[in-house]
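Here is what each chain is made of, one letter per residue.
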Amino acid sequence: MKTKSFDFRQIEWWITTLLFVSIVLFNLTSINSHRWLSSGSPSYAKIFIPTALYVTFYIFHMRLIPNYLSTKKIGPLVGFGILTLGLGFLFSSILTIGLNSSFENLFQLYLGVIFLYISHQGGSLVLKGMFTPPRFPNYFFYNLSRLILTFIVLIFFLFLGQKTIIGESVIIVFLIFLPVILGIVTYNFFLIYGKRKAGKQRQANWFTALLLIAVFMLFMIIGAYNNKEEVILIGFLVNGIILLIINPLSNLIFKKYESMTGQILNLTTEVNQGNANLDFLRSQINPHFLFNALNTLYASALMENAEKTSDGIQKLGDMMRFMLHENQQAKIPLSREIDYLRNYIDLQMLRFGAQSNLEVDFQINDDSCKGMIAPMLLIPFLENAFKHGISAKEKSWIRMNLRCISGSVHVDLVNSVHASKSKEKSEESSGIGLDNVKKRLNLVYPNRHQLNIISNDTDFFVHFSVQIQ
């Protein structure tokens, strides 16, 4: 009710269909019982006129308006709308005249229905503008007010059609019987089923007893006022229906709905996790970085006697094995994640270590770093620092402090910011790498992590902590 707007087009279509079926069934019963209109003619018009209105509503509500909303072409809406209304009214008029019914009542009915429909659509637009985000934080008030508006329009329509196509039985069903059923179901959901689900059995029993007593007292007052004892017996019967039919059936529907939504939520979470991991893996296997590293190793091999080069190749091999194998696991030892971080730093320092304008300070205190962690959570922040924090011409710095405290991993990282890279940074700093870290943290460590990013003209600061134990 809060997270998104209801599909009101479908809801209004279901309500209209239920109303149409009810009108037709009750009017058919009236015909079979040899009931007559005030004019003395059989009430066949009460079957065909609702049918014409129902078809007209379907064409407008489910075809013409959705087509206009998608194409924004007013011509088809006006043209086909006038044609549909004209044919519907002509068809109903012929039947009304042929059955000696009141043409004046039919004309008033059609004008009233058109006015109600236009008022409902206009009111819906007003409510959408008033109660939807960003004016309101969620859709609760919009959904509630839209349902109330639909019910009010339904009430006006019932009384509008009372003289022509709608009998008292339909009015009783829609204005008394169905609202009472919905009220009981709502009461059950929040105060009985909800309490039992929360483990509050005693409160649920009290609310059940309160409902049954209230219903019985209502019928007892009505029976005493009208001096009819059989009304009290009806109260006992209604309580039995509530206790044995309405509440158990609604509980079954609640459970089925929650089971379906739970399965959908689990599947959505798994899909999001898989997509985030896949995108993250793609973002980390960066050919540009690998080629630069290999070129650096090649240059080192020419200047040295392979000792430094072999060490670099070994670190690069460890990193590639980590990305291809351990990165596929849900959790890995924190020590392996830190080893990958160290290998990455060593390889990057082969590239940039000779720059005199670069100042680095990497403090990794892993004495207390125990436990398991989701892979590739720490590297994106350091990769971002090397990517945006180093300039070949300007003074640059990267400072990192990693430590573990009471089962939590804490990382503080700051790097320099350069005007020459400001445009690139603004386009990429919230790219795939950091975005996927945020997604994975929300999925894997909800309410167990903290990520603060602060940027100014000279520094880009990241504080990250995650509770892994």
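Nothing here was measured: the structure is a model prediction, and the numbers come from that model.

**Side note on the side chain of threonine 208**
In this structure, threonine 208 sits in helix H7 (residues 201-226). The exposure class assigned to threonine 208 is buried, which follows from its relative accessible area of 12%.

**Considerations on the packing of aromatic side chains**
Aromatic ring pairs: the centre-centre distance and the angle between the two ring planes describe each pair. Taken as a whole and assessed by the stated rule, the structure comprises 23 aromatic pairs. Between tryptophan 13 and tyrosine 54, the ring centres sit 5.2 Å apart and the planes meet at 25°, which makes this aromatic pair stacked. Here tryptophan 13, found in helix H1 (residues 8-32), pairs with tyrosine 54, found in helix H2 (residues 45-71); they are 41 residues apart in sequence, far enough to count as distant. The same class applies to tryptophan 13 as to tyrosine 54, namely buried.

**Re the sheet that holds strand E4 (residues 396-405)**
Ordered in space as E2-E4-E5-E7-E6, the five strands form an open sheet in which the pairing is mixed. Of all strands in the sheet, those bounded by a partner on one side alone are strand E2 (358-365) and strand E6 (449-455). If you compare each strand with its neighbour and ignore which way they point, the axes differ by 5° on average. By the bridge criterion, nine bridges tie strand E5 (residues 408-416) to strand E7 (residues 459-467) in an arrangement that is antiparallel. What sits directly across from valine 414, in E7, is phenylalanine 461. Each of E2, E4 and E5 touches helix H11 (residues 334-352); the most contacted strand, E2, lies at about 165° to it. Sitting on the sheet, helix H12 (residues 379-389) is in contact with E2, E4, E5, E6 and E7, with an inclination near 5° to E5.

**A look at the UniProt feature "transmembrane region" (unreviewed entry) in the protein chain**
Summarizing the sequence annotation, UniProt attributes the feature "transmembrane region" (unreviewed entry) to residues 12-31, 43-62, 74-95, 107-127, 139-159, 171-194, 206-225 and 231-254 in the numbering used throughout. Helix makes up 100% of residues 107-127 and strand 0%. Its end C-alpha atoms lie 30 Å apart. Annotated as 100% helix and 0% strand, the span residues 231-254 places its first and last C-alpha atoms 32 Å apart.

**So, the pairing of E7**
The pairing of E6 with E7 spans seven bridges and is antiparallel. Paired with glutamine 450 across the bridge in E7 is serine 465. Hairpin connection between E6 and E7: a loop of three residues separates the two successive antiparallel strands.

**Let's talk about the pattern of salt bridges**
Under the definition given, this model contains six salt bridges. Two residues, arginine 146 and glutamate 12, come together in a salt bridge whose shortest N-O distance is 3.1 Å. Residue arginine 146 is located in helix H5 (residues 140-160), and its partner glutamate 12 is located in helix H1; the two are separated by 134 residues in the primary sequence. Each member of the pair, arginine 146 together with glutamate 12, is buried. For the salt bridge of arginine 342 with aspartate 366, the shortest nitrogen-to-oxygen distance reads 3.3 Å. One end of the pair, arginine 342, is in helix H11; the other, aspartate 366, is in the loop between E2 and strand E3 (372-373), and 24 residues separate them in sequence. With a relative accessible area of 28%, arginine 342 lands in the partly exposed category.

Parameters and conventions
- Residues numbered from 1 in each chain as written.
- Predicted model: local features only at pLDDT ≥ 70, side-chain atom pairs only at ≥ 80, totals over all residues.
- Heavy atoms only, no water.
- Helix = DSSP H or I, 4+ residues; strand = E, 2+ residues; numbered from the N terminus.
- Buried < 20%, exposed > 50% of the residue type's maximum accessible area, 1.4 Å probe, protein only.
- Phe/Tyr/Trp six-rings, centres within 6.5 Å; stacked < 30°, edge-to-face > 60°.
- Pairing = 2+ DSSP bridges.
- Axes fitted to C-alpha atoms, helices over the stretch in contact; angles between N-to-C directions.
- Contact = heavy atoms within 4.5 Å.
- UniProt positions renumbered as here; feature names shortened; annotations may be inferred.
- Salt bridge = Lys/Arg side-chain N within 4 Å of Asp/Glu carboxyl O.

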